Amino acid sequence: MSTDSATPNPLVARMRGFGTTIFAEMSALAVQTGAINLGQGFPDTDGPASMLARAAEAIASGANQYPPGPGVPELRQAVSDHRRDHYGLAYDPGGEILVTVGATEAIAASVLALCEPGDEVIAFEPYYDSYAASIALAGARLVAVTLRPVEGRFTFDPAELRAAITPRTRAILVNSPHNPTGTVFTRDELTEIAGLCQEFGLTAITDEVYEHLTFDGAEHIPLATLPGMRERTVMISSAGKTFSVTGWKTGWICAPAPLVRAVQTVKQFLTFTSSAPWQLAVAHGLRHELDWVAGLRAELEGKRDRLMEGLRAAGFEVLKPLGTYFVQTDIRPLGHTDGLKLTRDLPALAGVVAIPTQVFYDHPERGSHFVRFAFCKKDEVIDEAVARLKVLGR
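Given the structure is predicted, the values throughout are model-derived calculations rather than measurements.

As for the pattern of salt bridges
Next up, step 1: With the rule as written, the count across this model stands at 23 salt bridges.
Next up, step 2: A salt bridge links Glu 96 to Arg 230; the shortest N-O distance between them is 2.7 Å. Here Glu 96 is found in the loop between helix H3 (73–87) and strand S2 (97–100), whereas its partner Arg 230 is found in the loop between strand S8 (203–207) and strand S9 (233–238), with 134 residues between them in sequence.
Next up, step 3: Since its relative accessible area comes to 14%, Glu 96 is described here as buried.
Next up, step 4: A salt bridge links Asp 216 to Arg 304, with the nearest nitrogen and oxygen atoms 2.9 Å apart. With Asp 216 in the loop between S8 and S9 and Arg 304 in helix H10 (residues 290–313), the pair connects residues that are 88 residues apart, well separated along the chain.

In structure tokens, the structure reads:
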């Protein structure tokens, strides 16, 4: 059947600005061209063997039906213990922890639960693309505060953050370690955010999925640990990045019981619950495989340095990340100013796929000269990619 160009678009108006994600586009381009994919942030090696075995054991032993809506008790207890042991935060596994289908669902359910149509949500741009979509689904409006490079790291202007707050502001989304810039917010930066949340009565939704993947001694400080913030923070994390099992889509929120109840009210009508075998395996990982995670962090720091060195040799200006999987590069030294065009051309030019950072901005012109590369890959993959990229500097 042919499609009439005059046929009305069936998609609701608030979502018409959201097409295929840049990750799907670039990953498809990598498949089509055979290019090395340094775009989407997923590892090319598996997580700890004992955790994988625990998942298989759970399947074989019959954990294949609906688990409890809030999550299996084993995982909620393991998350509670982890928050206590690492950050000194006490969360009751019986009412202050909710297991979700990855952090992406946790973010969406939190925004849908806590924001009314017409509310405003502040996020730092560049931002992970699901933020804007979740806010649009809620009928709310994203207000972007720009992170800019200062002395080699991305940070925000406190005056700009304060100016972004209006009587409609309901929440602030805080992602640290930050994707896609790789910055890790300092205690001073978090104190600034905390002060504004308390002054204006804002809820903080914190995306902390890279909490264990920080480098050069950088400390991840959960916003909820700051005075007065536990009671107004929805703290989100997941197993995907921590244990290199991004396909398991197992995340969680920690928050005061009224906030958890609100988010669960929405979450139960999105997915109701998440896969029981993965939950049991992640509980095992949190209890027994954090030494493996420490080894992963050290490996990733070496991979980061390996990729940075290669990108500099290829002619990019490189900003050093203190966390996540990603390196931001400035493409202007290579004579380019449009990252979207360059990344679409890059598979043909050099046989490599990357992500244009400008797609994560409300103000794309502020990020048009940045391109993001992922280093969560095998050393030989990184080496081949940077060898190919050298053609750009010739």
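So that's the structure; there's more coming.
Observations concerning helix H2 (residues 49–60)
Next up, step 1: Over its twelve residues, H2 extends 16 Å from the first C-alpha to the last, a length consistent with the 16 Å expected when each residue adds 1.5 Å.
Next up, step 2: Every buried residue of H2 is listed here: Met 51, Ala 55 and Ala 58. For H2, the arc enclosing every buried residue in end-on projection is 65°, short of the 170-degree limit, so these residues lie on one face. Seen from the open side of H2, the exposed residues pointing more than 90 degrees away from its buried face are Ala 49 and Ala 60.
Next up, step 3: One or two residues past the end of H2 sits Gly 62, with phi positive at roughly 100°.

Examining the nonpolar core
Nonpolar side chains in soluble globular proteins tend to end up buried together.
Next up, step 1: Leu 307, Phe 316, Phe 373 and Leu 389 are the most contacted members of the largest nonpolar core, which has 62 residues in total.
Next up, step 2: Counting only domains with at least three residues in this core, you end up with domain 1 (15–47 + 291–392) and domain 2 (49–287).
Next up, step 3: Residue contacts for Leu 389: discarding those within four places in its chain leaves Leu 311, Ala 314, Phe 316, Leu 346, Ala 350, Val 352 and Phe 373.
Next up, step 4: Counting residues in each nonpolar core, the second largest holds 28 residues, with Ala 63, Tyr 91, Ile 97 and Met 235 among its members.

Considering the pairing of strand S15 (residues 370–374)
Next up, step 1: With five of five residues buried, S15 is to be regarded as a mostly interior element.
Next up, step 2: Here strand S12 (residues 326–330) pairs with S15 via five bridges, running antiparallel. Residue pairing in the sheet places Asp 330 in a bridge with Phe 370 of S15.

Notes on the domain arrangement of the chain
Accessible area lost upon the coming together of the parts is a frequently used measure of interface size.
Next up, step 1: For the chain, the assigned domains read domain 1 (15–47 + 291–392) and domain 2 (49–287).
Next up, step 2: The centre of domain 1, based on its C-alpha atoms, is set 24 Å off from the matching centre of domain 2.
Next up, step 3: With 35 residues of domain 1 at the contact, the number on the domain 2 side is 40 residues.
Next up, step 4: When domain 1 packs against domain 2, the two sides together hide about 3200 Å² of surface, and 62% of this comes from carbon and sulfur.
Next up, step 5: Looking only at domain 1, the three residues that lose the most surface to domain 2 are Leu 322, Thr 324 and Phe 360, adding up to 20% of its buried area.

Reading the values: the criteria
- Residues numbered from 1 in each chain as written.
- Predicted model: local features only at pLDDT ≥ 70, side-chain atom pairs only at ≥ 80, totals over all residues.
- Heavy atoms only, no water.
- Salt bridge = Lys/Arg side-chain N within 4 Å of Asp/Glu carboxyl O.
- Helix = DSSP H or I, 4+ residues; strand = E, 2+ residues; numbered from the N terminus.
- Buried < 20%, exposed > 50% of the residue type's maximum accessible area, 1.4 Å probe, protein only.
- Expected span 1.5 Å × (residues − 1).
- Arc of directions from axis to C-beta.
- Core = buried A, V, L, I, M, F, W, Y, C linked by side-chain atoms within 4.5 Å.
- Domains from an automatic or database assignment.
- Contact = heavy atoms within 4.5 Å.
- Pairing = 2+ DSSP bridges.
- Buried area = accessible area lost by both parts, 1.4 Å probe.

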